[in-house]
Amino acid sequence: MTTSFAALGLSPALLQGIEDLGFEEPSPIQTLAVPALLAGRDAVGQAQTGTGKTAAFGLPLLERMGPERRTQGIVLCPTRELAIQVAEELGRLAVHRKDLRVLPVYGGQSIERQFRALAQGPQVIVGTPGRIIDHLHRGTLHLEETAVAVLDEADEMLDMGFREDIEEILEKTPENCQRVLFSATMPPAIRALADRFLRDPEVLAVPHRTQTAPAIEQVYYEVRQHQKGEALCRLLDAQNFRKALVFCSTKRGVDDVTLQLQRRGYQADGLHGNLSQGQRDRVMGRFREEGLDVLVATDVAARGIDVDDVDAVINYDIPHDVESYVHRIGRTGRAGREGRAFTFVTAREHFRLRDIMRCTKASISRHQLPTLHDLHHLRTAKVMDEVLETLAAGPQERWIALVEEFLGTHFPEGRIASRDVAAALLKLLVRRDFGGQDIDPGHDPLAEAPRRAPRAEERRESGSDTARRPPRRHSDTPMTRIRISVGRAHSVKPGMLVGAIAGECGIPGGLVGAIDIAPRFSVVEVASSVAEEVLAILNAGVFVCGTKITAEPWLAAPPPRKPHAPGARRRPSSASPQRPGRSGGRRASGAQGL
Ligand code: ADP
Ligand code: MG
């Protein structure tokens, strides 16, 4: 089922970069794409978001770059955020290729700065079509020596009206340039583009196979990335597993999580490919012999694990593919024992959960993480049970004598209730039992839920027949308009946009103002004070209506209220925001990603 990165034919420098990033093994699309692209073929790739496409096209692209300081590779991305993201990942992969430079080029950045950066002859340019065209026209960028051209998220770029720009750019690349197109979907326009510019392309597609998941209880929790550590501790505390296996997607993740658990007093250790055989055997030995409660591992390291009595598998990071999920959870519920699987899912990973459910036909139910209140009750209940057991075991003369002596010394007039003494002992016991951690149920770091439920007053607002939400509470707050790449065609509702912004960005829904929904996109007002943050987060991989959205400042005049009113926008030229036909409101339920 698996290959190593080394087996894909990559050079030591890039393998070292992969190692530094902590990728342990190639994802399915990488296994497929890297050898094909290294062989120089043109290719059309189709894989879902989050499957590692950047490295899939990036590694072979970097491999083909020579030391000469001129443009040899070009990657086109739909938005500047994606361009920056891709350039960063390529830069990290190529960190040991000291001779290589990767430059992101996008609109909004000072063009003079770009002139200077381009003049230094970076080998790889990652940019948005508009700005690249701009440089081609100014003569500050030359594509005559391009060896590899990649269209990333090609369907998105076409949706955004970049078709002509893309064609013009590809026409400027030489005949023998390797051309690669990645797209989540393959509408006719993409096929036409491929037919016109790609020569006998290899089709890279990861098949979706039906997988049979073991019949064990499967649960998922919605968490934000930064809450995962706390969520894991919460789960471990509440469930009291004897042996839990925690999966992370990278070696670095394993190290981080292990350290975090150890610091918080858990009997935990980690396993990954970088450990020597001796170290690995020692860790496994302890896990088998009950010396460890929690074992943290990567998929690769876990393959060698033969322990029958794991009572829980926790997917700290949701796996990249369905097969791994099935493999992972198959480590529990063995030999007729009960087992359970728990998966942490961030909003941007929902589509993976959906894939897993679809391909395995398993029902994975959403649960709420225990609150600190729950945990506090669980802990005290556990101690109380033990007290009852101890009482039931018979007279405790030796201990009674100690208590009487204590009371006689400190409270000679008998001025203390047995209740108070018992409460003090209980408090001490609960604390000691749980590694000195005290719970303050009033301050719960997980309480800022990833997606809060709408408040009653907000639900009541939902009766209106227009999607325009007047900015009620913050009418004198300066607002910034943001264009979001989903519209009526995606069945988006105002509540979903509010949910995405409030939930993902953690800003109060009140800072979201008017919402206009056009056929192919929407324009949303947010308080200017948070606009930059909202843009960054929305572009980091947020899903609305099952579509990964992009967001950018909407610089045109206020959205016209009447259909076909003149808009000042360059592209897409056909779309102007219109009043929606459907009722809208602020229900954040059924929000993005599901
Ligand atoms: P896509 O372009 O398919 O949406 P990305 O290339 O952005 O996906 O990758 C998604 C995430 O997975 C990134 O954080 C990336 O660093 C990480 N990643 C990519 N390949 C691997 C791998 N082989 N092992 C672990 N993580 C990986
Ligand atoms: Mg990508």
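The model shown is predicted, which means the values in this text are computed figures rather than measured ones. (Residues numbered from 1 in each chain as written. Chains lettered and ligands numbered in written order. Predicted model: local features only at pLDDT ≥ 70, side-chain atom pairs only at ≥ 80, totals over all residues. Heavy atoms only, no water.)

**Overview of the site of ligand 1**
Around ligand 1 lies a shell of 16 residues, among which Glu25, Gln30, Gly50, Lys53 and Thr54 are the nearest. Contact distances for ligand 1 include 2.8 Å between a nitrogen atom and a backbone N or O atom of Glu25. Between Lys53 and ligand 1, the recorded distance is 3.0 Å, taken from a side-chain N or O atom to an oxygen atom. Calculation on ligand 1 without its partners gives an accessible area of 570 Å², and the protein chains cover 80% of this total. Its residues placed into classes, the shell around ligand 1 shows 3 nonpolar, 10 polar and 3 charged. (Near = heavy atom within 4 Å. Polar contact = N/O pair within 3.5 Å; in protein donor to acceptor, adjacent residues only side chain to side chain. Areas by Shrake-Rupley, 256 points an atom, 1.4 Å probe, with all protein chains shown as cover. Nonpolar A, V, L, I, M, F, W, Y, C, P; charged D, E, K, R; others polar.)

**Here we look at the pairing of strand 11 (residues 294-297)**
Residues Val294 and Val296 point to one face of strand 11 and Leu295 and Ala297 to the other, with burial holding for every one of them. Alignment of strand 9 (residues 244-247) against strand 11, held across 4 bridges, turns out to be parallel. Counted as the bridge partner of Val246 is Val296 from strand 11. Taken together, the 4 bridges between strand 10 (residues 268-271) and strand 11 define a ladder with parallel strand orientation. Residue pairing for strand 11: Asp269 is matched across the bridge by Leu295. Each parallel crossover has a hand, and for strand 10 linked through helix 12 (residues 277-288) to strand 11 it is right-handed. (Buried < 20%, exposed > 50% of the residue type's maximum accessible area, 1.4 Å probe, protein only. Helix = DSSP H or I, 4+ residues; strand = E, 2+ residues; numbered from the N terminus. Pairing = 2+ DSSP bridges. Right-handed = clockwise from strand over helix to strand, strands pointing away.)

**Here's the deal with the sheet that holds strand 9**
Pairing is parallel in the open sheet, where 7 strands are placed in the order 10-11-9-12-13-8-14. On the outer flanks of this sheet lie strand 10 and strand 14 (365-366), each paired with one strand and no other. On top of the sheet, helix 14 (residues 322-329) reaches strand 8 (217-222), strand 9, strand 12 (312-315) and strand 13 (340-345); it is set at about 150° to strand 12, its chief contact. Packing of helix 15 (residues 350-360) onto the sheet brings it into contact with strand 8 and strand 13, and relative to strand 8 it is tilted by some 165°. (Contact = heavy atoms within 4.5 Å. Axes fitted to C-alpha atoms, helices over the stretch in contact; angles between N-to-C directions.)

**Focus: the environment of Leu198**
As for its placement among the helices and strands, Leu198 is situated in the loop between helix 9 (188-197) and strand 7 (202-205). Residue class for Leu198 comes out buried when judged on its relative accessible area of 10%. In this structure the C-alpha to C-alpha distance between Leu198 and Arg179, which are 19 residues apart in sequence, comes to 6.1 Å. In this view, Leu198 contacts Asp42, Ala43, Val44, Arg179, Leu181 and Leu193; residues no more than four positions away in its chain are not counted.

**Let's talk about the nonpolar core**
Ranked by size, the top nonpolar core spans 37 residues in total, and within it Leu10, Leu59, Leu61, Leu62, Val75 and Val126 carry the most contacts. Setting aside its immediate chain neighbours within four residues, Val126 contacts Val75, Cys77, Ala83, Val86, Ala87, Leu90, Val102, Leu103, Pro104 and Val105. (Core = buried A, V, L, I, M, F, W, Y, C linked by side-chain atoms within 4.5 Å.)

**Considerations on the confidence of the model for the chain**
With 84% of its residues at a pLDDT of 70 or more, the chain has an overall mean of 82. Confidence drops under pLDDT 50 across residues 449-474; counting only partners more than four residues distant or on other chains, this segment forms 61 contacts. Contacts of residues 559-594 to residues separated by more than four positions or lying in other chains number 96 contacts, the stretch itself having pLDDT below 50. (pLDDT = per-residue confidence, 0-100.)

**Brief notes about the side chain of Asn315**
Along the chain, the position of Asn315 falls in strand 12. For Asn315, a relative accessible area of 0% gives the class buried. Look past the residues within four positions of Asn315 in its chain and what remains in contact with it is Phe247, Tyr325, Arg328, Ile329, Phe342, Thr343 and Phe344.

**Notes on a nonpolar patch on the surface**
Together, Val387, Leu388, Leu391 and Leu429 make up an exposed nonpolar region whose accessible area comes to about 370 Å². Within the secondary structure layout, Leu391 lies in helix 16 (residues 372-392). The exposed category is assigned to Leu391, whose relative accessible area is 57%. (Patch = residues over 30% accessible without salt bridge, like charges linked within 9 Å, V, L, I, M, F, W, Y side chains within 5 Å. Salt bridge = Lys/Arg side-chain N within 4 Å of Asp/Glu carboxyl O.)

**A short note on the environment of Gly17**
You can see Gly17 is positioned in helix 1 (residues 12-21). Taking relative accessible area as the criterion, Gly17 reaches 0% and is therefore assigned buried.

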